[in-house]
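Examining the three-dimensional arrangement
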Amino acid sequence: MTRDLTVGRPEGLLWRFCLPLFGSILFQQLYNIADSLVAGKFLGEGALAAVGNSYEITLIFLAFATGCNIGCSVLVSRLFGAKRLGDMKTGVFTVMLFSVALCGAMMLIGLTLGNTFLRLIDTPENIFADSWEYLRIYVLGLPFLFFYNLSTGIFTALGDSRTPFIFLTISSTANIGLDIVFVTALPLGVAGVAWATFLCQGVSCVAAVAVVFVRFVRIRTDEPVRPFSGALFRQFLVIALPSVLQQSFVSVGNIFIQKAVNGFGSAVIAGYSASVKLNNLAVNCFFTIGNGISNYAAQNFGAGQMHRIREGCRAGVKIILSIALPVTALYLVFPRALVGFFMREPSVTALSVGTLFLRIVAPFYAVIAAKLVFDGILRGTGHMTQFMVDTFTDLIIRVVFAFLLSASFGSTGIWCAWPVGWGISTALSFFFYRRGEWFRGTLPPAPTRREEGALAEAVDNALCDVDNAAEDA
């Protein structure tokens, strides 16, 4: 199924498009949450600390996969919005060839230098072996991670947010079951939760890639389709490279923060691991909504529909705040119970650390949520320099303040760095958004609801005709 995001009322359109994305990221986060939850409940506080410690390094690899996802998604969105379907297919094949080489390099680095990375962040000896075992198995599954992310990027670029949701619902539910089986029935320890993730990601990756190719076969084009295009590869890099750098620098910053946390012992690491998983669940949900708005902006930018970008931004802020505010309330009312849910016999230190983290950070979710909407517009319309500036500002401030404040206030000082970085970078992101082309000159009047409905119906009929013609052929 494809959906043209250049027609229809923006708010209703974005709700229908972003809700499945929101559901998808919830289930995707279940992969990591399930690993920590099963490790903490069945194996103890040390296992939870080991999984959480390795998790910060795995985010570097995830950064490259996510950057490729975003670059491919924005490129395909623009070409689809401009109705350049032959170039769209060529662009996808180009990105996939590049991803094969990049994934191979990432695996080589991870398998040869992974234990060195763990040493660099001062991993305590009592959790080092489990941390390295978890990280090694994760690296072996990188091909699944990369190509599943590419597939979901293609689906969302074509306006289909339901298919990734279906895949993730099935695979993440299976992952929870396998985690428990591999840890209890087959006493594999921390390695068991890693192998469960490996197997479930592998199945969902193969299925997603297969569906992508089936969809592409059904799209008929008059233009020639090539396996590689240097011009489209450069367009991909313009979006993907800043996104990879942004995600990578954020991951590196998180590793520095993890290094600061590791200096306070395994109990603090366990409390931080539980609370940061909850924090990442919330922020990644906001980030995914921002990616959906990025696809919306890219399609409308490619179609020259500038007035719809402003309308989409207003709608996006409403949508994302309607998610951020209830999550904030949940984390502030039940922080101790949520953190304790990850542990079998939590220590007082671990519980108090995790609870305090959520109480400091959660009140500022509305701030970071709004920032991710503005970032989605900037990224979707190709304003990558501004996007990187406000993102790196957040990262640098959080890392610097984490080390400065921890010297005086202990681990509490580390948590206080989050709101400072989020606040300043959000102000920058809004400033850059206000300077976009969609605020210059006189914009054309928005079409009436009747006109939009007639246009949407015509587009849907045309897409159905294309699908029927493909099936007849």
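Residues numbered from 1 in each chain as written. Predicted model: local features only at pLDDT ≥ 70, side-chain atom pairs only at ≥ 80, totals over all residues. Heavy atoms only, no water.

1. Looking at helix α12 (residues 348-361)
Between its first and last C-alpha, α12 extends 20 Å over 14 residues, near the 20 Å set by a 1.5 Å rise per residue. Among the residues of α12, those classed as buried are Ala350, Leu351, Val353, Gly354, Thr355, Phe357, Leu358, Ile360 and Val361. (Helix = DSSP H or I, 4+ residues; strand = E, 2+ residues; numbered from the N terminus. Expected span 1.5 Å × (residues − 1). Buried < 20%, exposed > 50% of the residue type's maximum accessible area, 1.4 Å probe, protein only.)

2. A word on the pattern of salt bridges
Within the structure shown, the criterion is met by 9 salt bridges. In this structure, arginine 398 engages aspartate 394 in a salt bridge whose closest nitrogen and oxygen atoms are separated by 3.0 Å. Taken together, the residues span about one helical turn, with arginine 398 and aspartate 394 both in helix α14 (residues 384-409) at a distance of 4 residues. Residue arginine 398 shares its accessibility class with aspartate 394, and that shared class is buried. Three or more residues joined by partner-sharing salt bridges are found here, namely Lys371, Asp375 and Asp390. (Salt bridge = Lys/Arg side-chain N within 4 Å of Asp/Glu carboxyl O.)

3. Topic: the packing of helix α9 (residues 266-302) against helix α13 (residues 365-380)
At their nearest, the axes of α9 and α13 sit 7 Å apart, and the two run at 30° to each other. Taken together, the axes of α9 and α13 lie roughly parallel to each other. α13 is crossed by α9, and the crossing has right-handed handedness. Each of Asn279, Ala282, Val283, Phe286, Phe287, Gly290, Asn291, Ile293, Ser294, Ala297 and Ala298 in α9 lies in contact with α13, whose residues at this interface are Tyr365, Ile368, Ala369, Leu372, Val373, Gly376, Ile377, Arg379 and Gly380. (Axes fitted to C-alpha atoms, helices over the stretch in contact; angles between N-to-C directions. Parallel < 35°, antiparallel > 145°, perpendicular 65-115°, else oblique. Left-handed = near helix turned anticlockwise from the far one by under 90°. Contact = heavy atoms within 4.5 Å.)

4. Some thoughts on the packing of aromatic side chains
The tally for this structure, following the rule as stated, stands at 18 aromatic pairs. With a centroid separation of 5.6 Å and an interplanar angle of 45°, the aromatic rings of phenylalanine 228 and phenylalanine 233 are classed as tilted. Overall, phenylalanine 233 belongs to the buried group, its relative accessible area being 18%. Members of the aromatic cluster, joined through ring pairs, are Phe98, Phe228, Phe233 and Phe236. One cation-aromatic arrangement involves lysine 83 over phenylalanine 80; the distance from NZ or CZ to the ring centre is 5.5 Å. When the ring centre of phenylalanine 128 is taken as reference, the NZ or CZ atom of arginine 119 above it lies at 3.8 Å. (Phe/Tyr/Trp six-rings, centres within 6.5 Å; stacked < 30°, edge-to-face > 60°. Lys NZ or Arg CZ within 6 Å of the ring centre and 35° of its normal.)

5. Quick notes on the nonpolar core
Within the largest apolar cluster, 79 residues are counted, with the highest numbers of intra-cluster contacts made by Phe286, Tyr331, Tyr365, Trp415 and Trp418. Here the element with the most residues in this core is α9; it accounts for 18 residues. Excluding its chain neighbours within four sequence positions, the residues that come into contact with phenylalanine 286 are Ile320, Ile323, Ala324, Tyr365, Ile368, Ala369 and Leu372. Ranked by size, the runner-up nonpolar core spans 51 residues in total, among them Ile57, Cys72, Tyr138 and Phe216. (Core = buried A, V, L, I, M, F, W, Y, C linked by side-chain atoms within 4.5 Å.)

6. With respect to unusual backbone geometry
One non-glycine residue, lysine 83, adopts positive backbone phi at about 65°. Locating lysine 83 in the fold gives a position in the loop between α2 (45-81) and α3 (85-120). Since its relative accessible area comes to 45%, lysine 83 is described here as partly exposed. Unusually for a residue other than glycine, aspartate 122 sits at a positive phi of about 60°. Within the secondary structure, aspartate 122 sits in the loop between α3 and α4 (125-140). The class for aspartate 122 is partly exposed, based on a relative accessible area of 42%.

7. Remarks on the confidence of the model for the protein
Summarising the model, the protein shows a mean pLDDT of 84, and 92% of its residues fall at 70 or more. pLDDT under 50 marks residues 441-456. Its contacts with residues more than four places away, or in other chains, come to 15 contacts. (pLDDT = per-residue confidence, 0-100.)

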